[in-house]
Amino acid sequence: MDELKARILAEGQVISNGVLKVDHFLNHQIDPKLMQKIGQAFADRFKESDITKIITVESSGIAPAVMTGLYLQVPVIFARKKRSLTLSSGGLETEVFSYTKHEKNHVFLADGMLTAKDHVLIIDDFLAKGEAALGLTRLINQAGAYLSGIGIVIEKSFQEGRKKLEELGCPICSLARIASLEHGKVTFLEDIREGTH
Ligand code: 5GP
């Protein structure tokens, strides 16, 4: 997605350890117009997949997931990182290692949010080692629902997440695929393949 790639180049900041900061449009301040186009792009890719629900993890996955849900006209669920008064017990639960916080979190879904009839699309902001998306697939499996696809806004293709998710055998759509963040410079996978690097 060219506009997303242009925004990453213009506003992204490479932090040490292969982390990209895009706090001006995705992870802190959100650009609704860009999110709308992201939602449209995912919806175009998955419109034939009979999706009945979208799932993400709070909080940065919510904006792209909601926009995708708007275009596909399906509800969006986000797995919670903390139990709350309205989700004090029961439900579905799994452990996810947080890439950016370097800690294990439990994520939760209330009973009935997903059913065995659901065809589910996972949406997330970043793909690094695949832990968040794999955690969501475990919740989908616990509910007996069907995993229809995975949509990632920014994939760091130099990390192992993509390979792990490919083993699930469902379609994966990443809107920007980063081949390298070396020396503070963002290089996209397509640029290497097309020889424009
Ligand atoms: P994974 O679970 O695939 O290892 O990492 C994905 C999750 O970690 C995403 O939900 C995202 O919140 C966070 N994350 C991973 N890499 C980055 C990054 O380079 N930048 C930002 N802002 N978040 C990241």
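In what follows, the accompanying structure is described.

Analysis parameters
Residues numbered from 1 in each chain as written. Predicted model: local features only at pLDDT ≥ 70, side-chain atom pairs only at ≥ 80, totals over all residues. Heavy atoms only, no water. Near = heavy atom within 4 Å. Polar contact = N/O pair within 3.5 Å; in protein donor to acceptor, adjacent residues only side chain to side chain. Areas by Shrake-Rupley, 256 points an atom, 1.4 Å probe, with all protein chains shown as cover. 1 Å grid on protein atoms, 1.4 Å probe; cavity = no way out; pocket = protein on both sides within 12 Å on 5 of 7 lines; lining within 4 Å. Sits in = over half its atoms within 2 Å of the grid points. Helix = DSSP H or I, 4+ residues; strand = E, 2+ residues; numbered from the N terminus. Nonpolar A, V, L, I, M, F, W, Y, C, P; charged D, E, K, R; others polar. Buried < 20%, exposed > 50% of the residue type's maximum accessible area, 1.4 Å probe, protein only. Salt bridge = Lys/Arg side-chain N within 4 Å of Asp/Glu carboxyl O. Axes fitted to C-alpha atoms, helices over the stretch in contact; angles between N-to-C directions. Parallel < 35°, antiparallel > 145°, perpendicular 65-115°, else oblique. Left-handed = near helix turned anticlockwise from the far one by under 90°. Contact = heavy atoms within 4.5 Å. Pairing = 2+ DSSP bridges. Core = buried A, V, L, I, M, F, W, Y, C linked by side-chain atoms within 4.5 Å. Arc of directions from axis to C-beta. Phe/Tyr/Trp six-rings, centres within 6.5 Å; stacked < 30°, edge-to-face > 60°. Lys NZ or Arg CZ within 6 Å of the ring centre and 35° of its normal.

**Looking at the site of the ligand**
Next up, step 1: Contacts to the ligand come from 16 residues, most closely from Leu 20, Lys 129, Gly 130, Ala 132 and Lys 156.
Next up, step 2: For the ligand, a nitrogen atom lies 2.7 Å from a polar atom in the backbone of Leu 20.
Next up, step 3: Side-chain polar atom of Lys 156 to an oxygen atom of the ligand: 2.8 Å apart, as the coordinates give it.
Next up, step 4: The protein chains hide 88% of the 500 Å² of surface that the ligand would expose on its own.
Next up, step 5: More than half of the atoms belonging to the ligand lie within 2 Å of the grid points that define the largest pocket.
Next up, step 6: Taken together, the elements giving at least two residues each to the shell around the ligand come down to β2 (19–21), β7 (119–127) and α4 (131–143).
Next up, step 7: Top element by residues in the shell around the ligand is β7. It accounts for four residues.
Next up, step 8: Per-class residue counts for the shell around the ligand are seven nonpolar, four polar and five charged.

**Some remarks on the side chain of Arg 7**
Next up, step 1: By the secondary structure assignment, Arg 7 is in helix α1 (residues 2–11).
Next up, step 2: Under the relative-accessibility criterion, Arg 7 is labelled buried at 18%.

**Some thoughts on the pattern of salt bridges**
Next up, step 1: Counting across every chain of the model gives 11 salt bridges.
Next up, step 2: What emerges from the salt-bridge pattern is a single network uniting Glu 155, Arg 162, Glu 166 and Arg 177.

**Considerations on the packing of α1 against helix α2 (residues 32–46)**
Helix packing geometry: the angle between the two helix axes and the distance between the axes.
Next up, step 1: Contact geometry for α1 and α2: axes closest at 10 Å, N-to-C directions at 140 degrees. If you check the angle between α1 and α2, you find them oblique. The crossing of α1 and α2 is left-handed. Residues Glu 3, Leu 4 and Arg 7 of α1 lie in contact with α2, whose contacting residues are Leu 34, Lys 37 and Ile 38.
Next up, step 2: Taken together, the residues of the contact of α1 with α2 break down into three nonpolar, no polar and three charged.

**Quick look at the sheet that holds strand β8 (residues 146–156)**
Next up, step 1: A sheet is described by the order of its strands in space; here six strands give the open sequence β4-β3-β7-β8-β9-β10, paired in mixed fashion. Each having just a single partner strand, β4 (76–79) and β10 (187–188) make up the two edges of the open sheet.
Next up, step 2: For β7 and β8, the ladder comprises eight bridges, and the chain directions are parallel. Within β8, the residue paired with Ile 123 across the bridge is Gly 151.
Next up, step 3: Against the sheet, α2 contacts β7, β8 and β9 (172–180), and its axis sits at roughly 140 degrees relative to β8.
Next up, step 4: Here α4 sits on the sheet and contacts β3 (53–57), β4, β7 and β8; the angle it forms with β7, its principal contact strand, is near 165 degrees.

**Comments concerning the nonpolar core**
Next up, step 1: If you look at the biggest cluster of nonpolar residues, it comprises 31 residues, and the most contacted ones within it are Leu 4, Ile 8, Leu 20, Leu 26, Ile 38, Ile 54 and Ile 154.
Next up, step 2: Of all elements in the fold, only α1, α2, α3 (62–72), β7, β8 and β9 reach the threshold of two or more residues within this core.
Next up, step 3: It is α2 that provides the largest number of residues to this core, a total of six residues.
Next up, step 4: The residues touching Ile 8, leaving out its near neighbours within four places in the chain, are Leu 20, Phe 25, Ile 154, Ala 176, Val 186 and Phe 188.
Next up, step 5: Ranked by size, the runner-up nonpolar core spans 25 residues in total, among them Ala 79, Ile 122, Leu 147 and Ile 152.

**Let's talk about α1**
Next up, step 1: Where α1 is concerned, the buried positions are Leu 4, Lys 5, Arg 7 and Ile 8. What you see down the axis of α1 is that its buried residues fit within an arc of 160 degrees, all on one side. With respect to the buried face of α1, the exposed residues turned more than 90 degrees away are Asp 2, Leu 9 and Ala 10.

**A closer look at the packing of aromatic side chains**
Next up, step 1: Here the structure, examined in full by the defined rule, presents zero aromatic pairs.
Next up, step 2: The lysine or arginine in question, Lys 5, covers the ring of Phe 188, its NZ or CZ lying 5.2 Å from the ring centre.
Next up, step 3: For Arg 45, the ring lying beneath its charged end belongs to Phe 46, and the centroid distance is 5.0 Å.

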